[in-house]
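Below are the chains, spelled out letter by letter.
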Amino acid sequence: MEASLVMIEKTAGASPDMASYVRFQSPVRHPRGHFPGVFALVNNLARDGKLTPEQEHFRRTNNDWYNAAYTNPSTVDPTVYDHDRNPGAVSWFKSSSRALIRRVDGYLEILATHGVDFRRVESSDPGRIVYEGADQVVVVPHDGDQWPER
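A brief look at the structure comes next.

1. A short note on the overall build of the protein chain
Then step 1. The helix and strand tally for the protein chain stands at 5 helices and 6 strands.
Then step 2. If you list the helices and strands of the protein chain from N to C, you get β-β-α-α-α-β-α-α-β-β-β.
Then step 3. Every one of the 150 residues in the protein chain was classed for burial, and the buried ones make up 44%.
Then step 4. Long-range contacts, defined here as pairs at least 24 residues apart, represent 74% of the contacts in the protein chain between residues at least 6 apart.
Then step 5. Here the protein chain has roughly 8100 Å² of accessible surface; of this, 49% comes from carbon and sulfur atoms.

So this is what it looks like as structure tokens:
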């Protein structure tokens with residue numbers, strides 16, 4: 001399935017060959033200023049009761065897999081997503097984490113089925129790193145660098 005909007009956007013510092021970080025997100029800002037990621041978008045559909053039983057099964061199974069496969073940054077540092085301390089902090093996959101990134105396709109199919117727009121953003125320098133794990137980073141975007149809508 002294709003979404004109504006799929007963009008691959010290279011942010012400042014992105015290499016033409018391979019960016020260091022990858023993020024799947026809404027092209028529409030949340031009221032707090034960030035662009036919600038793919039998991040938040042699908043979880044919102046679930047919260048609103050919009051998923052089919054098969055989609056809900058996929059979401060629950062894969063959310064469990066992701067929870068087991070890598071550390072939730074807020075369990076290491078409860079302030080990592082604190083809006084006052086780290087305004088606009090968001091997670092990015094390391095591009096080397098191919099197994100984690102491949103599983104995103106099912107989430108993207110769900111979004112496309114429900115007409116929820118998303119985009120893939122790649123960057124070698126998405127912002128100030130406030131958490132780094134083996135498979136992901138959490139960054140505070142550079143001033144004025146919120147990956148604006150196009």
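2. Here's the deal with the layout of surface pockets
Then step 1. One number sums up the size of the largest pocket: a volume of about 860 Å³.
Then step 2. What lines the largest pocket is a set of 31 residues, among which Arg23, Phe39, Ala40, Tyr81 and Ser91 lie closest to the centre.
Then step 3. Mapped by element, the contributors of at least two residues to the lining of the largest pocket are β2 (21-25), α1 (38-47), α2 (53-69) and β3 (90-94).
Then step 4. It is α1 that provides the largest number of residues to the lining of the largest pocket, a total of 5 residues.
Then step 5. Looking at the lining of the largest pocket residue by residue, the classes come out as 15 nonpolar, 14 polar and 2 charged.

3. Comments concerning the nonpolar core
Then step 1. Counting 20 residues, the largest nonpolar core has Phe24, Val38, Tyr66, Phe93, Val104, Leu108 and Leu111 as the members making the most contacts within it.
Then step 2. For this core, the secondary structure elements donating two or more residues are β2, α1, α4 (98-102) and α5 (104-113).
Then step 3. Setting aside anything within four residues of it in sequence, one finds Tyr66 in contact with Phe39, Phe93, Leu100, Arg103, Val104 and Tyr107.
Then step 4. One finds Val90, Trp92, Val137 and Val139 within the second-largest nonpolar core, a separate group that totals 6 residues.

4. What about the packing of α2 against α5?
Then step 1. At a closest axis distance of 10 Å, the pairing of α2 and α5 adopts a crossing angle of 150 degrees. Along this stretch, α2 crosses α5, giving a crossing that reads as left-handed. Counted together, Gln55, Phe58, Arg59, Asn62, Asn63 and Tyr66 of α2 and Val104, Gly106, Tyr107, Ile110 and Thr113 of α5 form the full contact between these two elements.

Calculation criteria
- Residues numbered from 1 in each chain as written.
- Predicted model: local features only at pLDDT ≥ 70, side-chain atom pairs only at ≥ 80, totals over all residues.
- Heavy atoms only, no water.
- Helix = DSSP H or I, 4+ residues; strand = E, 2+ residues; numbered from the N terminus.
- Buried < 20%, exposed > 50% of the residue type's maximum accessible area, 1.4 Å probe, protein only.
- Contact = heavy atoms within 4.5 Å.
- Areas by Shrake-Rupley, 256 points an atom, 1.4 Å probe, with all protein chains shown as cover.
- 1 Å grid on protein atoms, 1.4 Å probe; cavity = no way out; pocket = protein on both sides within 12 Å on 5 of 7 lines; lining within 4 Å.
- Points joined across faces, edges and corners; volume = space filled by probe spheres on them.
- Nonpolar A, V, L, I, M, F, W, Y, C, P; charged D, E, K, R; others polar.
- Core = buried A, V, L, I, M, F, W, Y, C linked by side-chain atoms within 4.5 Å.
- Axes fitted to C-alpha atoms, helices over the stretch in contact; angles between N-to-C directions.
- Left-handed = near helix turned anticlockwise from the far one by under 90°.

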